[in-house]
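Chain by chain, the residues run as shown.
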Amino acid sequence: MYRKIKLIYKLIYQTKASKREEFYYRNILPQKSIEEVGEDVEQWAVQRKEEIELLRKNEIFRKEFLLNLSHELKTPIFAIQGYVDTLLNGALTNPEVNVKFLSNASKNVDRLVNLVDDLDEITKLESGGQLLYKQNFVIQEVIKEIFESLSLKADEKKIKCLIKKGCEVPLTAFGDKEKIRQVLINLIDNAIKYGKQNGTVEGSAYKIDGKKILVEISDDGFGIAEEHISRIFERFYRTDLARTRKVGGSGLGLSIAKHIIEAHNEAIHVRSKTDVGTTFGFTLEAAKL
Ligand code: ADP
């Protein structure tokens, strides 16, 4: 009987007995009751089931990812192919369209480059090997720098970008400044992209419970319908609005933002109402000054 049970244990642990296991088999196992052995086997079965479930989920995820990726790649590639073919078939010598077609092809090349950059970023973040270089920095300063660098884009839609009234007092956060800058660029760029003409984008920062800083980026734009809210942090997920208006980017911006914030062990969230606006917020550790 004991030999049979020992065989079960060898099978479920799937190891060649090390010294420690030999000790276990010789001294601990014989003292176990048959109920305890039953529990061990049950626990093993549960673990196995969980492992299989995880593998199955990963497989679905991988398939979806590849499908989405090939779709995202196809759109700009086919566009470039179309413009280049048309140019080669005679449009090149037509001064009315040649520059326009070339510039459209070039825009699509930029789109491909952006997509590959974002993919690179997300792969690095997901492999988990990314180190954070934390330092103290003033959150409002980073927000203002980004407002400045995106001012051309905001001006096109006559959108005003400002720090919210009452949030001007500089708050110093402790985090990876360049990665947090990336998060804020993605959020502010979205706020402008999905914002309305003549609208406002506001950045705010609040100290909460003395140890954390809450950073928010709000817009008074199109908003996100309730059914999309739970999914917008997924890779490549876009609302119908973003698809039809063709304003969307790679669809990876928010999932990159979420990865960066979670790597800081903090959280990111969204509140939104259709036609009223959207607020994205995330927390950061406050600097110990
Ligand atoms: P994209 O590159 O398409 O902007 P993101 O990952 O940055 O991808 O965002 C995912 C989707 O979430 C967008 O396509 C858009 O539908 C929605 N979204 C993000 N930010 C906003 C916002 N400020 N207002 C309305 N919709 C937004």
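Heads up: these notes are all about the structure in this document. Keep in mind that this is a model prediction, so the values were computed, not measured. Each chain carries its own residue numbering, running from 1 in the written order of its sequence. Where local features are concerned, this predicted model is filtered to residues with pLDDT of at least 70; where side-chain atom pairs are given and counted, the filter is 80 or more; whole-chain, interface and lining totals use all residues. Only hydrogens and water are set aside; all other atoms, that is, all heavy atoms of the structure, feed into the side-chain values.

**Quick word on the side chain of Arg 238**
Secondary structure counts use DSSP, requiring at least four H or I residues in a row for a helix and at least two E residues in a row for a strand, with both numbered from the N terminus. Residue position: Arg 238 is located in the loop between α8 (226-229) and α9 (240-245). One polar contact links Arg 238 to Glu 72, side chain to side chain, over a distance of 3.2 Å. Nitrogen and oxygen atoms within 3.5 Å of one another constitute a polar contact, given that in protein one can donate a hydrogen and the other can accept it, and given that sequence-neighbouring residues count only through two side-chain atoms. A polar side-chain atom of Arg 238 sits 3.5 Å from the main-chain carbonyl oxygen of Ser 250.

**Things to note about the pattern of salt bridges**
One speaks of a salt bridge when a side-chain nitrogen belonging to Lys or Arg is within 4 Å of a carboxyl oxygen belonging to Asp or Glu. The tally for this structure, following the rule as stated, stands at 18 salt bridges. Of the charged contacts in the structure, one is a salt bridge between Arg 56 and Glu 53, with a shortest N-O distance of 3.1 Å. One end of the pair is Arg 56 and the other is Glu 53, both in helix α3 (residues 34-88) and 3 residues apart, which spans about a single turn. Residue Glu 53 is classed as partly exposed on the basis of its relative accessible area of 35%. Residues participating in the shared-partner salt-bridge network are Lys 134, Glu 285 and Lys 288. We call a residue buried when its accessible area falls under 20% of the maximum for its residue type, exposed when it is over 50%, and partly exposed in between, using a 1.4 Å probe and counting protein chains only.

**Considering a negative patch on the surface**
A patch consists of residues whose relative accessible area exceeds 30% and which take part in no salt bridge; residues with like charges are grouped when within 9 Å of each other, and nonpolar side chains (Val, Leu, Ile, Met, Phe, Trp, Tyr) when within 5 Å. Accessible surface area values rest on a Shrake-Rupley calculation with a 1.4 Å probe, where residue burial reflects the displayed protein chains alone. Positive charge is attributed to Lys and Arg, negative charge to Asp and Glu, and no charge count is given to His or to the chain ends. Taken as the charge centre is NZ of Lys, CZ of Arg, CG of Asp or CD of Glu, depending on the residue. Together, Glu 35, Glu 36, Glu 39 and Glu 42 line one region of the surface with negative charge. Given the relative accessible area of 55%, Glu 35 is considered exposed.

**Description of the packing of aromatic side chains**
Any two rings among Phe, Tyr and Trp, with Trp reduced to its six-membered ring, count as a pair given centres within 6.5 Å; such a pair is stacked if its planes are under 30 degrees apart, edge-to-face if over 60, and tilted if neither. In this structure the tally under the stated criterion is 3 aromatic pairs. On the numbers, 6.0 Å between centres and 90° between planes, the contact of Phe 233 with Phe 280 is edge-to-face. Taken together, the residues Phe 233 in the loop between α8 and α9 and Phe 280 in strand β7 (residues 277-286) connect sequence positions 47 residues apart. Judged by relative accessible area, which is 14%, Phe 233 ranks as buried. Judged by its relative accessible area of 7%, Phe 280 is buried. Lying across the ring of Phe 65, Arg 235 places its NZ or CZ 4.3 Å from the centre. Counting as a charge over the ring demands two things of the Lys NZ or Arg CZ atom: a distance within 6 Å of the ring centre and an angle within 35 degrees of the ring normal.

**With respect to the environment of Lys 164**
Looking at where Lys 164 falls in the secondary structure, it is placed in the loop between β2 (160-163) and β3 (172-176). When the C-alpha positions of Lys 164 and Glu 50 are compared, they lie 47 Å apart, and in sequence the two are 114 residues distant.

**Details of the site of the ligand**
For each residue, the test is whether any non-hydrogen atom lies within 4 Å of the molecule or strand; if one does, the residue is near. By nearness alone, 21 residues border the ligand, and Tyr 194, Asp 219, Thr 239, Gly 251 and Leu 254 come closest of all. The separation between a nitrogen atom of the ligand and a polar side-chain atom of Asp 219 is 2.9 Å. Starting from 540 Å² of accessible surface for the ligand in isolation, the protein chains cover 98%. Broken down by secondary-structure element, the contributors of at least two residues to the shell around the ligand are α7 (177-193), α10 (253-263) and β7. Broken down by element, the shell around the ligand gets its largest block of residues, 3 residues, from α7.

Keep in mind that these numbers describe shape and distance, not what the molecule does.
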